[in-house]
Amino acid sequence: MKRPALRRKVAQLSTVVAVAALALTGCSRESGGSPAPFAAAKARELTWAEDLRISDAEQRLIARCMARQGFRYWSDGSLSLAESRPVGYVQDDVRWARTYGYGSRIAAREDRARLRNPNIAYRKGLPADRRAAYDTALDGGRKTELLRAGIPGGGSVSKRSGGCDAAAQRTLYGDPATWFRLDSTASNLRPLYVGKLLHDRRFTAAVHDWASCMKRAGHPYPDPDAARQAARQHPAVQSRAEEARSFAAETRIAVADATCARQVSLKSVGRDREAHYLDRLNAEYGTQLDAYRQARQQALARAERLVPARA
C-alpha cells in the first residue's frame, strides 16, 4: 500500500548527502491565487515549519477526499512542532539538544507509529473488492498514469498520479505533472555539488574549528556525523535503565555538538558555501528553481487556509 502522503524527501543515509543537507533544512513562501502559471519572481526558501504545514494540509486534503469516496483515512500529526524539527548535518540549537539529544526517542516513537499505522490495518481489513477500490481512490491504483521526470545528472524518476493523492497536490501546487518535474529537479541537485562542498576550504576550516571545540569539551570527533554515530553506539534492545543511560550520553554529545557549532558559526558557513555552489548551477537550473519556489509559496498560502500551524 502507498505510504501516507507526506512530502517526498530524497534518502539521506551517507555522510556525503548529510553534509549537503546542512543548509537546506528549510524549503519557499507566500503568494496565493489559483493553480495557474508559476510566477517568475525570486522567492525565499520555506522554513521547515512551513514545509510541515504543507505536508499537514496535503494529509488533510487526502482524508477529506477519501471520505467522499466512502473510505476512512487517518492523517499523521502525532508529533509537536518542536519534535518535528529536522536534524540536519549541523544542529546548533542548544536548547533543543538538551531536550531531545539527536532525536532518537522521537525516531523511536515514529517507528512505533508506523508499525501501528491505522491506514494499513484499515485497508487490510477491507474485502478484496473494497481494497482495490481503496487503492484506486488513494492514488489511482496500478492502472493509473505514471508521471516521469528527468533528474539533474542523468536518470529519471516516476510516480503514480491519480486518486486523492493527485487531487491534493493539484489543490496545493497546480498541475501535478508540472509540480513533479519541478520537485524532481530541486530535490536532486545536491549530488552535483556536494563533493565540492565537502572539500571547500572555508567549510573544512569551520569543521576543523568545530572538532577542536568538541575535543576541548571531551568529545574528540572529527565531524558532526561522527559525533552522531557515536551517540548511536548501543545495543538495539535495551532495558529501561540502559535506554535512559544511552539517552543521557546522547544528550551530552548533542549539547556539546550544538554549542560548538554555534561558537564556530558552522551552519552559517555551510549555508553560505552551499549557496555559492548552487549559484553556479543557476544558468542551467535557475528558472526551474524559481518556479519550484513559487509553487511552494502557492502551496503554503493554500495550506494556511486549510490547517493551523502545529503547536
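Parameters and conventions
Residues numbered from 1 in each chain as written. Predicted model: local features only at pLDDT ≥ 70, side-chain atom pairs only at ≥ 80, totals over all residues. Heavy atoms only, no water. Pairing = 2+ DSSP bridges. Helix = DSSP H or I, 4+ residues; strand = E, 2+ residues; numbered from the N terminus. Buried < 20%, exposed > 50% of the residue type's maximum accessible area, 1.4 Å probe, protein only. Lys, Arg positive; Asp, Glu negative; His and termini not counted. Salt bridge = Lys/Arg side-chain N within 4 Å of Asp/Glu carboxyl O. Polar contact = N/O pair within 3.5 Å; in protein donor to acceptor, adjacent residues only side chain to side chain. Expected span 1.5 Å × (residues − 1). Arc of directions from axis to C-beta. Contact = heavy atoms within 4.5 Å. Core = buried A, V, L, I, M, F, W, Y, C linked by side-chain atoms within 4.5 Å.

A. Main features of the pairing of strand β2 (residues 156–160). The pairing of strand β1 (residues 146–150) with β2 spans five bridges and is antiparallel. Paired with Leu146 across the bridge in β2 is Arg160. The antiparallel pairing of β1 with β2 creates a hairpin that spans five residues between the two strands, and Gly153 there sits at a positive phi of about 90°.

B. Inspection of the side chain of Arg302 at higher detail. Looking at the element boundaries, Arg302 is found in helix α14 (residues 282–306). Although Arg302 is buried, it forms no salt bridge, and the closest oppositely charged side chain is Glu304 at an N-O distance of 11 Å. At 2.8 Å, the side chain of Arg302 forms a polar contact with the backbone oxygen of Leu172.

C. Focus on helix α6 (residues 128–139). Along its 12 residues, α6 runs 17 Å from first to last C-alpha, staying within 8% of the 16 Å computed at 1.5 Å per residue. Taken as a whole, α6 has its buried residues at Tyr134, Ala137, Leu138 and Asp139. Here the buried residues of α6 occupy an arc of 160° about the axis, which is enough to place them on one side. For α6, exposure combined with an orientation more than 90 degrees from the buried face picks out Ala128 and Asp129. On its buried face, α6 is in contact with α2 (48–68), α5 (118–124), β2 and α7 (163–173). Once α6 finishes, Gly140 follows within two positions and takes phi at roughly 95°, a positive value.

D. Up close: the nonpolar core. Core analysis: the biggest nonpolar cluster contains 61 residues, and Ile54, Met66, Tyr134, Leu172, Trp210 and Leu266 have the highest contact counts within it. When residues in this core are grouped by element, the largest group, nine residues, is from α14. In contact with Leu266, not counting residues within four places along its chain, are Val90, Phe203, Ala206, Val207, Trp210, Pro224 and Ala261.

E. A look at the environment of Gly163. Tracing the backbone through its elements, the reader meets Gly163 in helix α7. With 94 residues separating them along the chain, Gly163 and Gln69 place their C-alpha atoms 9.9 Å apart. When sequence neighbours within four positions are dropped, the list of residues in contact with Gly163 reads Thr136, Ala137, Leu138, Asp139 and Gly140.

F. Representation of the pattern of salt bridges. Using the criterion set out here, one finds 16 salt bridges in the structure. Between Arg296 and Asp51 there is a salt bridge whose closest N-O contact spans 2.3 Å. Note that Arg296 is positioned in helix α14 and Asp51 in helix α2, a separation of 245 residues in sequence. Residue Asp51 is classed as buried on the basis of its relative accessible area, which comes to 7%. Asp139 is paired through a salt bridge with Arg160; the nearest N and O atoms lie 3.3 Å apart. Of this pair, Asp139 sits in helix α6 while Arg160 is found in strand β2, placing the two residues 21 residues apart along the sequence. Given a relative accessible area of 4%, Asp139 falls into the buried group. Each of Asp200, Arg202, Asp272 and Arg273 takes part in a single network of salt bridges with overlapping partners.

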